[in-house]
Amino acid sequence: MPEPIIEISNANIYQGDNLVLQDVNLTVNKGEFVYLVGKTGTGKSSLLKTLYGELTLTEGQAMVAGFEIRNIDWRKVPYLRRNLGVVFQDFQLLTDRNVNDNLKFVLKATGWTDNKLMDEKILDVLDKVGLKAKGFKMPFELSGGEQQRIDIARALLNSPKLILADEPTGNLDPETSDEIMNLLFHICRDFNTAIVMATHDYIVVQKFPARMIRTERGKVIDNATITME
Ligand SMILES: Nc1ncnc2c1ncn2[C@@H]1O[C@H](COP(=O)(O)OP(=O)(O)OP(=O)(O)O)[C@@H](O)[C@H]1O
Ligand SMILES: [Mg+2]
């Protein structure tokens, strides 16, 4: 039996007073990879932001990684975030410290205290993204693709069962973008982590096929065909 990690029913998603997505119904199961496609401004980021508690859901129901998120108490949002990983297109590492210290900063912010355990965890996630040797590098010493891998490592720190990625290949050349896609598929397959990835990138979607949902004219359409504009 597939087990849902995201279950949304009859949700309306607003930006301010503006209804961006109406009557959203969507289930994503554990370990599934799902693309979120759709033209610019149609609500992909708004949907992801709702799922990670950046936008509050006020109409409809949604369960995300075990949390009921409708009208979620802001004090509970950090606990929700600990159960999912978020990857952005343009995430900036703190420029004044190396990769290890960037990751340690995030661990401390999410309640970790034991230095030995933190060091082990950091090595573990760097290993998972193929950058075990780069912990002592400063951000400016990393390529764009390496920085994106570090962002994925950051998302893995709390061993999430769900990763939400907003255009994670948006700033990368095709070759580097393939590497990131291979990494995300590997994480999905080997750790049974569900991934919802918003993208514009038609080439990526064709090359790495998976289930697609689309935002279009205020709706979320499931099993969209592969045509993208
Ligand atoms: N912070 C905000 N305040 C008010 N309106 C916003 C805000 N962010 C987005 N919107 C509006 O909400 C709608 C959906 O935007 P959203 O960013 O979710 O689209 P998107 O599909 O992610 O677009 P893109 O492909 O360009 O990233 C747009 O009309 C946008 O102008
Ligand atoms: Mg967006």
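Residues numbered from 1 in each chain as written. Chains lettered and ligands numbered in written order. Predicted model: local features only at pLDDT ≥ 70, side-chain atom pairs only at ≥ 80, totals over all residues. Heavy atoms only, no water.

Enquirer: Explain the site of ligand 1 here, please?
Expert: In the vicinity of ligand 1, the contacting residues are Q15, V20, K39, T40, G41, T42, G43, K44, S45, S46, E167 and H200. Q15 has a polar side-chain atom sitting 3.3 Å from a nitrogen atom of ligand 1. Within the side chain of H200, an N or O atom sits 3.2 Å from an oxygen atom of ligand 1. Burial of ligand 1 by the protein chains amounts to 58% of its free accessible area of 630 Å². A per-element tally of the shell around ligand 1 places helix α1 (residues 44-51) first, with three residues. Residue composition of the shell around ligand 1, by class: one nonpolar, eight polar and three charged. (Near = heavy atom within 4 Å. Polar contact = N/O pair within 3.5 Å; in protein donor to acceptor, adjacent residues only side chain to side chain. Areas by Shrake-Rupley, 256 points an atom, 1.4 Å probe, with all protein chains shown as cover. Helix = DSSP H or I, 4+ residues; strand = E, 2+ residues; numbered from the N terminus. Nonpolar A, V, L, I, M, F, W, Y, C, P; charged D, E, K, R; others polar.)

Enquirer: Would you mind going over the pairing of strand β10 (residues 219-222) with me for this structure?
Expert: Each regular strand displays side chains that alternate between the two surfaces of the sheet. Pairing geometry for strand β9 (residues 211-216) and β10, over four bridges, is antiparallel. The residue of β10 that forms the bridge with T215 is V220. What sits between β9 and β10 in their antiparallel hairpin is a turn of two residues, with R217 showing a positive phi close to 45°. (Pairing = 2+ DSSP bridges.)

Enquirer: Help me understand the nonpolar core, please; the structure alone is not making it clear to me.
Expert: Soluble globular proteins tend to bury their nonpolar side chains together. Of all hydrophobic cores here, the largest spans 37 residues; its most connected members are F33, Y35, I152, M181 and M197. Secondary structure elements with two or more residues in this core: β3 (33-37), α3 (99-109), α4 (115-128), α5 (144-156), β7 (162-166), α6 (174-191), β8 (194-198) and α7 (202-207). Top element by residues in this core is α6. It accounts for seven residues. Each residue touching Y35, except ones within four places of it in the same chain, is listed here: M181, F185, M197, T199, V204, V205, F208, P209, A210, R211, M212 and I213. I5, L26, V64 and V196 belong to the second-largest nonpolar core, a separate cluster that totals 35 residues. (Core = buried A, V, L, I, M, F, W, Y, C linked by side-chain atoms within 4.5 Å. Buried < 20%, exposed > 50% of the residue type's maximum accessible area, 1.4 Å probe, protein only. Contact = heavy atoms within 4.5 Å.)

Enquirer: Can you help me understand the pairing of β7 in this one?
Expert: Of all five residues making up β7, five are buried, and the element is well covered by its neighbours. Burial along β7 is two-sided: L162, L164 and D166 facing one way and I163 and A165 facing the other are all buried. Of the strand pairs in this sheet, β7 and β8 are connected by five bridges, and their pairing is parallel. By the bridge assignment for β8, A165 is matched with M197.

Enquirer: Can you help me understand the side chain of T199 in this one?
Expert: Within the secondary structure, T199 sits in the loop between β8 and α7. According to the relative accessible area criterion, T199 is buried, its value standing at 1%. In terms of polar contacts, T199 uses its side chain to reach the backbone amide nitrogen of D201, at 2.8 Å.

Enquirer: When you look at the sheet that holds strand β4 (residues 59-64) in this model, what are you seeing that I'm missing?
Expert: Strand pairing in a sheet takes place through backbone hydrogen bonds and is either antiparallel or parallel in direction. Within the open sheet, the four strands sit side by side as β2-β1-β4-β5. Their pairing is antiparallel. The open sheet terminates on both sides in strands that have one partner only, identified here as β2 (18-29) and β5 (67-68). Relative to β4, strand β1 (residues 4-15) runs antiparallel, the two sharing five bridges. Bridging across to β4, S9 finds its partner in Q61. Taken strand by strand, α1 contacts β1, β2 and β4, and its axis lies near 120° from that of β1. (Axes fitted to C-alpha atoms, helices over the stretch in contact; angles between N-to-C directions.)

Enquirer: Quick question: what am I supposed to make of the sheet that holds β9 here?
Expert: What the six strands build is an open sheet, ordered β6-β7-β8-β3-β9-β10; its pairing is mixed. Where the open sheet ends on each side, the last strands, each with one partner, are β6 (85-87) and β10. Across the sheet, the mean angle separating the axes of adjacent strands is 20° when strand polarity is ignored. Against the sheet, α1 makes contact with β3, β7, β8, β9 and β10, and its axis sits at roughly 150° relative to β7, the strand it touches most. In this fold α6 packs onto β3, β7 and β8, with an angle of close to 135° to the strand it touches most, β3.

Enquirer: Explain the pattern of salt bridges here, please?
Expert: Should their charged atoms come close, side chains of opposite charge can pair. In total, this model carries 17 salt bridges according to the counting rule given. One salt bridge connects K30 with E3, and the closest N-O pair in it is separated by 3.0 Å. Linking K30 in the loop between β2 and β3 with E3 in the segment before β1, this pair joins segments that are 27 residues apart in sequence. Residue classification places K30 among the partly exposed positions, given a relative accessible area of 36%. One salt bridge in this structure joins K207 and D178, with 2.4 Å as the shortest N-O distance. Taken as a pair, K207 in helix α7 and D178 in helix α6 lie far apart in primary sequence, 29 residues in all. (Salt bridge = Lys/Arg side-chain N within 4 Å of Asp/Glu carboxyl O.)

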